[in-house]
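# A structural walkthrough
Chain residues, written in single-letter form:
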Amino acid sequence: MSKLSRIITVALSVPIFSCLVGCGMNKLFQKQDYGALPDGRKAELYTLTNADGLKATLTNYGAILVSMEVPDRDGKLADVTHGYDTLKGWLSNTSYFGSTVGRYGNRIAKGQFALDGKTYSLAKNNNGENALHGGIKGFDKVLWDAKPVKQAGAVGVEFNYVSRDGEEGYPGNLKNTVTYWLTDKNELRIEFKATTDKPTIVNLCHHSYWNLTGDPKNTILDHELMLAADRFLPVDKGLIPTGERRPVEGTPFDFTKLTKVGARINAEDEQLKLGNGYDHCWVLRSKTGDVALAATLYDPSSGRAMDLSTDQPGIQFYCGNFLDGSAAGKGGTKYAFRTALCLETQRFPDSPNKPDFPSAVLRPGETYRHTMVHRFYTR
Ligand code: BGC
């Protein structure tokens, strides 16, 4: 870039930024300090608000969704996600509340995979012999660069992070972008993008824990869920898919119609026992690669509902089976067993070791993309 074009770029971007933060637009985008990391670098908090009062709060630490406030059927706003009030809480977050998970969300068997004839060993992080959610210091534990962004009908924050060749064992310098948009259609849209300079594997995920009642002391067992999937991936005792795509029909895994999460959760079923409840990936029906409806979540008590659409082949439905009341979260709440659930759109777990699964390989010159659209409404 020439010196002149650099000056023009800076001259143009400064007013846009300060306008978003400082003049008139400040109702839509606000930025504040969120404290310092142990190494002294500063984290920030960004608040996006739309005309209906929905509010998404984010931090550049871990590109995390800190909170999501949405109205119930009487218009009363409440935060519908688990998490922490302060940066200190997020620094020791072991549940991946609200996090951007990468470079590979979900599990890779034995923390190993082979690519183009070379075997790679990944950092293992207390998940038996497997690697989970990107390693010991995954993308949820790094500081991302952030900038405000805006387009017609939406305000957002773009986060960027370059993961170095060899980080947590993964090959290639990987440039990652995650953009969160809050739209005037009451959607939280998340767009992931990555490029690499060496062949590698990528599966970026968003890991919010939802409780649409707005009271994190309630369980999510009375939430109703629909998954646009006719098959799911059975797992072994380490929660690694066996490779089978099993029809859901006639099993407790059938969520083809809105069904209470708790209706069959204690059924005599080998897969429910292995997952300690639902902790499986469903094979989404849509095969076009376009963004299509993947799930609907509905809480009859508050009337809050959320449609989730994606372009990914799978969705991990995890119903908080490992929450045990030990983590003191927002307002000091101890998040108990099954008080939130995750709907993580993604490539299938352990894809790098399963040639029959949709590929998670990214090569130089290609662009990895993943879109999730959460649309909030009431019924
Ligand atoms: C996994 C769970 C895991 C949770 C928190 C989910 O994506 O499926 O098994 O306990 O993340 O790490």
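You'll find the structure just up there.
An account of the accompanying structure is given in this report.

What counts and how
Residues numbered from 1 in each chain as written. Predicted model: local features only at pLDDT ≥ 70, side-chain atom pairs only at ≥ 80, totals over all residues. Heavy atoms only, no water. Helix = DSSP H or I, 4+ residues; strand = E, 2+ residues; numbered from the N terminus. Buried < 20%, exposed > 50% of the residue type's maximum accessible area, 1.4 Å probe, protein only. Core = buried A, V, L, I, M, F, W, Y, C linked by side-chain atoms within 4.5 Å. Contact = heavy atoms within 4.5 Å. Phe/Tyr/Trp six-rings, centres within 6.5 Å; stacked < 30°, edge-to-face > 60°. Lys NZ or Arg CZ within 6 Å of the ring centre and 35° of its normal.

### Some words on unusual backbone geometry
- Following Gly-102, the chain continues to Arg-103 via a peptide bond in cis, the omega torsion being 5 degrees.
- Residue placement: Arg-103 occurs in the loop between strand 6 (99–101) and strand 7 (107–108).
- The backbone phi angle of Asp-116 is positive, close to 50 degrees, even though this residue is not glycine.
- Structurally, Asp-116 can be placed in the loop between strand 8 (112–115) and strand 9 (118–121).
- Assessed through its relative accessible area of 55%, Asp-116 is described here as exposed.

### Concerning the nonpolar core
- Met-68, Leu-227, Tyr-278, Trp-282, Ile-315, Phe-317 and Leu-343 are the most contacted members of the largest nonpolar core, which totals 58 residues.
- If we ignore the near neighbours within four places in the chain, the residues touching Phe-317 are Leu-225, Leu-227, Phe-255, Val-261, Tyr-278, Asp-279, His-280, Trp-282, Leu-341, Cys-342 and Leu-343.
- Among the nonpolar cores identified, the runner-up in size contains 18 residues, and Ala-43, Ile-64, Trp-90 and Tyr-335 belong to it.

### Some points on the packing of aromatic side chains
- Scanning all chains against the criterion turns up 25 aromatic pairs.
- Ring centres of Phe-29 and Tyr-46 lie 6.2 Å apart, and the angle between their planes is 35 degrees; this geometry places the pair in the tilted category. Taken as a pair, Phe-29 in strand 1 (residues 29–36) and Tyr-46 in strand 2 (residues 42–49) lie far apart in primary sequence, 17 residues in all. The residues Phe-29 and Tyr-46 share a single accessibility class, namely buried.
- Here Phe-255 and Trp-282 contribute two aromatic rings whose centre-to-centre distance is 6.2 Å and whose plane-to-plane angle is 70 degrees, an arrangement assigned as edge-to-face. Taken together, the residues Phe-255 in the loop between strand 19 (246–247) and strand 20 (259–260) and Trp-282 in strand 21 (residues 279–284) connect sequence positions 27 residues apart.
- Members of the aromatic cluster, each reached through a chain of ring pairs, are Tyr-84, Trp-90, Phe-97, Tyr-209, Tyr-318, Phe-322 and Tyr-335.
- It is Arg-264 that lies over the ring of Phe-255; its NZ or CZ is 4.8 Å from the centre.
- A cation over a ring is seen here: Arg-379 above Tyr-298, with NZ or CZ 4.2 Å from the ring centre.

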